[in-house]
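Structural features, examined
Spelled out from the first residue to the last, the chains are:
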Protein chains: 2
Amino acid sequence: MSALEGLIVTRSTAAQQVAAGLASRIVAGAFAPGSRLRESAIATELGVARNTVREAVRILELSGLVRHEVNRGAVVISPTPEKVEELYAARERLETAAVSRAAEAPELDALRKAYEDLVDAAASHDVLRIVDVDLTFHATIVSMLHSSRIDEFYAGLLVELRFYLTVLSLEDREFEHPDDILTEHREILEAIESGDPAAAAQHVRSHIERNGKRVLEILHGRD
Amino acid sequence: MSALEGLIVTRSTAAQQVAAGLASRIVAGAFAPGSRLRESAIATELGVARNTVREAVRILELSGLVRHEVNRGAVVISPTPEKVEELYAARERLETAAVSRAAEAPELDALRKAYEDLVDAAASHDVLRIVDVDLTFHATIVSMLHSSRIDEFYAGLLVELRFYLTVLSLEDREFEHPDDILTEHREILEAIESGDPAAAAQHVRSHIERNGKRVLEILHGRD
DNA sequence: TACAGTTCAACTGTTCTACAGTTGAACACA
DNA sequence: TGTGTTCAACTGTAGAACAGTTGAACTGTA
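Model, not experiment: these values are computed from the prediction. (Residues numbered from 1 in each chain as written. Chains lettered and ligands numbered in written order. Predicted model: local features only at pLDDT ≥ 70, side-chain atom pairs only at ≥ 80, totals over all residues. Heavy atoms only, no water.)

This part covers the overall build of chain A. Along its length, chain A carries nine helices and three strands. Projecting the C-alpha coordinates of chain A onto the three principal axes gives extents of approximately 60 × 55 × 30 Å. Burial status across chain A gives 44% buried among its 223 residues. Contacts in chain A between residues far apart in sequence, at least 24 positions, make up 71% of those at least 6 positions apart. Taken as two groups, the 25 positive and 37 negative side-chain charges of chain A have centres that lie 8 Å from each other. (Helix = DSSP H or I, 4+ residues; strand = E, 2+ residues; numbered from the N terminus. Buried < 20%, exposed > 50% of the residue type's maximum accessible area, 1.4 Å probe, protein only. Contact = heavy atoms within 4.5 Å. Lys, Arg positive; Asp, Glu negative; His and termini not counted. Charge placed at Lys NZ, Arg CZ, Asp CG, Glu CD.)

As structure tokens, then:
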């Protein structure tokens, strides 16, 4: 084992910083879904060249928060019913697959910890924090598949989902129901801990379906 | 149903064309794994500006064939043992999850057709075609999860894998063993068709593990 | 009023030139 | 063998320029 184990030098270019900055602004709701990112405006505002912004936008595309349209530039993704359904469908497949597998010790500890974080968060009534911890719980479930590639993929799905939830909860502050959330997650956790994969899968499935439907309802009720 | 159902106008920019061209050259083996894509050289050779090539490279990154390193530019991905293992692990998780679910009619037809294509391809002794049809069979398995997002993710994994296989089989022409391939795929297909998800999952698991190990051996035997 | 044609400012796609900073390899030196 | 030095090649970034596209405002017309 090297004395420099794990040390990684990360230099970041201007384009990467612009991309990171734009990403945080987007998830914070500074850009509405469907809105365009105008290159010249961003360039002059940040004091960088337009080329650099164009590159930043391409990097942003990797995170899935924007898509690039020819002659229109970067457009912030927006939650259509189809996309929300596809998102939740993917979640349901991955998470039920994960809990269906025999769970081993390390993840169970992590999952229980994630649940306890959720209990704390629920008490705080801080919606953003609840969402954050909630999604961490589910990422922990997926991590039981022991596949880094799938973990990365799932993390990307959650970035998207978190953005949608942020956007939607701005218009419906009563989105989260802490008690239901705790109950549903506890059911999942306990089914896994008691070594009942089938029950766990069923709880995961209905939990995700319920949530997906709720998001879709909020989405419909908006316009 | 509109008279223009499904019609999509796709204009492509120079950068997109450059990206597509580079992608096809890379998968064809024109750039060795680990080699750098020099911007100026590509720009002058293709008669486009360097900026355009830089953008093309960022687009290429979306396909996973290159990664961008600061001050070194675009580097063609290369098959390290870790990456190959992660790739096969992800495949194993997704495919076993897919066959574990009750399969419905439409996919079974598609899967049987994919198998018959494989029989044809095996007879041709055309390695590239065999690989192609083989991977299509597995993509069809994953499609039984009915998740477009997962299908896209899996397609990305296969792009990577196909590249690795192309690169490796250039050095080991005897990589494919048509008879074994047919046997293993037939076992999977028949287990699914006979409604035995557990057996199907076991066949998928051992098939993928066997293949992963073989690729790792070829990888080790190279250097 | 509803619809089609025109105009125009804003913006994207692309090129070109320029330069500072980084890298990697060759070379010299100890 | 290992450590400085030099240098050419290349990346990151800026800035200016221009053709082509888009969308919205405006005009004319039935």
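The next point concerns the protein's contact with DNA strand C. Near DNA strand C there are 25 residues, and of these Arg11, Arg50 and Arg54 of chain A together with Ala14 and Thr52 of chain B occur at the shortest range. Put simply, 70% of the atoms of DNA strand C that lie within 4 Å of the protein are in sugar or phosphate. One of the side-chain N or O atoms of asparagine 71 of chain B is found 3.1 Å from a sugar or linking oxygen in DNA strand C. At 3.1 Å, a side-chain N or O of arginine 72 of chain B approaches a phosphate oxygen of DNA strand C. For the surface near DNA strand C, the secondary-structure elements that each account for two or more residues are β1 (36–37), α2 (39–46), α3 (50–63) and β2 (66–69) of chain A together with α1 (14–27) and α3 (50–63) of chain B. (Near = heavy atom within 4 Å. Polar contact = N/O pair within 3.5 Å; in protein donor to acceptor, adjacent residues only side chain to side chain.)

Where like charges cluster on the molecular surface, the negative patch consists of Glu82, Glu85 and Glu86 of chain A together with Glu152 of chain B. Residue contributions to the negative patch peak at three residues, all from helix α4 (residues 81–100) of chain A. Within the secondary structure layout, glutamate 152 of chain B lies in helix α7 (residues 148–169). Glutamate 152 of chain B sits in the exposed class, given a relative accessible area of 52%. (Patch = residues over 30% accessible without salt bridge, like charges linked within 9 Å, V, L, I, M, F, W, Y side chains within 5 Å. Areas by Shrake-Rupley, 256 points an atom, 1.4 Å probe, with all protein chains shown as cover. Salt bridge = Lys/Arg side-chain N within 4 Å of Asp/Glu carboxyl O.)

Attention now moves to the interface of chain B and chain A. The extent of an interface is frequently quoted as the accessible surface area lost upon association of the parts. Counting residues at the interface gives 31 residues for chain B and 31 residues for chain A. With both chains or domains summed, chain B and chain A bury close to 2,800 Å², and 53% of this area falls on carbon and sulfur atoms. Of all residues in chain B, the largest losses of buried area upon contact with chain A belong to Arg58, Arg93 and Arg149 of chain B, amounting jointly to 25% of the total for that side. Remark: the boundary between chain B and chain A carries eight salt bridges. Of the charged contacts, one joins arginine 54 of chain B and glutamate 55 of chain A as a salt bridge, the two residues approaching to 3.0 Å between their closest N and O atoms. At the surface where chain B touches chain A, the tally comes to 14 residue pairs in polar contact (both at pLDDT 80 or more). Broken down by element, the residue count for the side of chain B that touches chain A peaks at nine residues, all from helix α4 (residues 81–100) of chain B. (Buried area = accessible area lost by both parts, 1.4 Å probe.)

This brings us to the protein's contact with DNA strand D. Near DNA strand D you find 26 residues, and of these Ala14 and Thr52 of chain A together with Arg11, Arg50 and Arg54 of chain B are the closest. Contact distances for DNA strand D include 2.4 Å between a phosphate oxygen and a side-chain N or O atom of arginine 11 of chain B. A breakdown of the residues in the surface near DNA strand D according to their chemical character gives six nonpolar, 10 polar and 10 charged. (Nonpolar A, V, L, I, M, F, W, Y, C, P; charged D, E, K, R; others polar.)

Quick look at the nonpolar core now. Membership of the largest hydrophobic core comes to 134 residues, with the highest contact counts inside it found for Leu37 and Leu94 of chain A together with Leu37 and Leu94 of chain B. In this structure, leucine 94 of chain A is in contact with Val142, Leu145, Ile150, Phe153, Tyr154 and Leu157 of chain A together with Leu94 and Ile150 of chain B, ignoring residues within four places of it in sequence. (Core = buried A, V, L, I, M, F, W, Y, C linked by side-chain atoms within 4.5 Å.)

This part is about the pattern of salt bridges. Summed over all chains, the structure comprises 34 salt bridges over all chains. Between glutamate 69 of chain B and arginine 67 of chain B there is a salt bridge, with its nearest N and O atoms 2.6 Å apart. Members of the salt-bridge network, linked through shared partners, are Glu39, Arg50, Arg54, Arg58 and Glu61 of chain A together with Glu55 of chain B.

Another aspect to go through is the relation of the copies chain B and chain A. With an RMSD of 0.0 Å, the fit of chain B onto chain A corresponds to turning through 180° and sliding 0.0 Å along the axis. What the rotation and shift describe, once combined, is the action of a two-fold rotation axis. (Least-squares fit on C-alpha atoms with pLDDT ≥ 70 in both.)

All right, on to the packing of aromatic side chains then. The full count for this structure, using the stated rule, is three aromatic pairs over all chains. Arranged with centres 4.2 Å apart and planes meeting at 5°, the rings of phenylalanine 153 of chain A and phenylalanine 153 of chain B form a pair that is stacked. Residue phenylalanine 153 of chain A is found in helix α7 (residues 148–169), and its partner phenylalanine 153 of chain B is found in helix α7; the two belong to separate chains. Exposure remark for phenylalanine 153 of chain A: the relative accessible area of 13% places this residue in the buried category. Seen in terms of ring centroids, phenylalanine 163 of chain B and tyrosine 164 of chain B are 6.1 Å apart; in terms of plane orientation they differ by 40°. Their pairing is tilted. (Phe/Tyr/Trp six-rings, centres within 6.5 Å; stacked < 30°, edge-to-face > 60°.)

Turning next to the sheet that holds strand β2 (residues 66–69) of chain B. The pairing of strands in a sheet happens through backbone hydrogen bonds and is either parallel or antiparallel. Residue and element names in this part refer to chain B. Taking strand neighbours across the sheet as the criterion, the three strands line up as β1-β3-β2 in an open arrangement whose pairing is antiparallel. The open sheet is flanked by β1 (36–37) and β2, the only strands paired with a single partner. Bridging between β1 and strand β3 (residues 73–76) involves two bridges; their strand directions are antiparallel. Bridge pairing in β3 places arginine 36 opposite valine 75. (Pairing = 2+ DSSP bridges.)

Attention now moves to the packing of α7 of chain A against helix α9 (residues 197–222) of chain A. Residues and elements named next belong to chain A. In contact at an axis separation of 11 Å, α7 and α9 are set at 45° when each is read in the N-to-C sense. The orientation of α7 with respect to α9, classified from their angle, is oblique. Relative to α9, the crossing made by α7 is left-handed. Contact residues: α7 offers Leu165, Val167 and Leu168, while α9 offers Val215, Ile218, Leu219 and Arg222. Grouping the amino acids of the contact of α7 with α9 by side-chain chemistry returns six nonpolar, no polar and one charged. (Axes fitted to C-alpha atoms, helices over the stretch in contact; angles between N-to-C directions. Parallel < 35°, antiparallel > 145°, perpendicular 65-115°, else oblique. Left-handed = near helix turned anticlockwise from the far one by under 90°.)

The subject of this paragraph is the pairing of β2 of chain B. All names here are of chain B. Here β2 pairs with β3 via four bridges, running antiparallel. In the strand pairing of β3, glutamate 69 is matched with glycine 73. Here β2 folds back onto β3 in antiparallel fashion, the turn holding three residues, of which asparagine 71 has a positive phi close to 65°.

Note that every value here comes from positions in space, so none of it alone points to a role or purpose.
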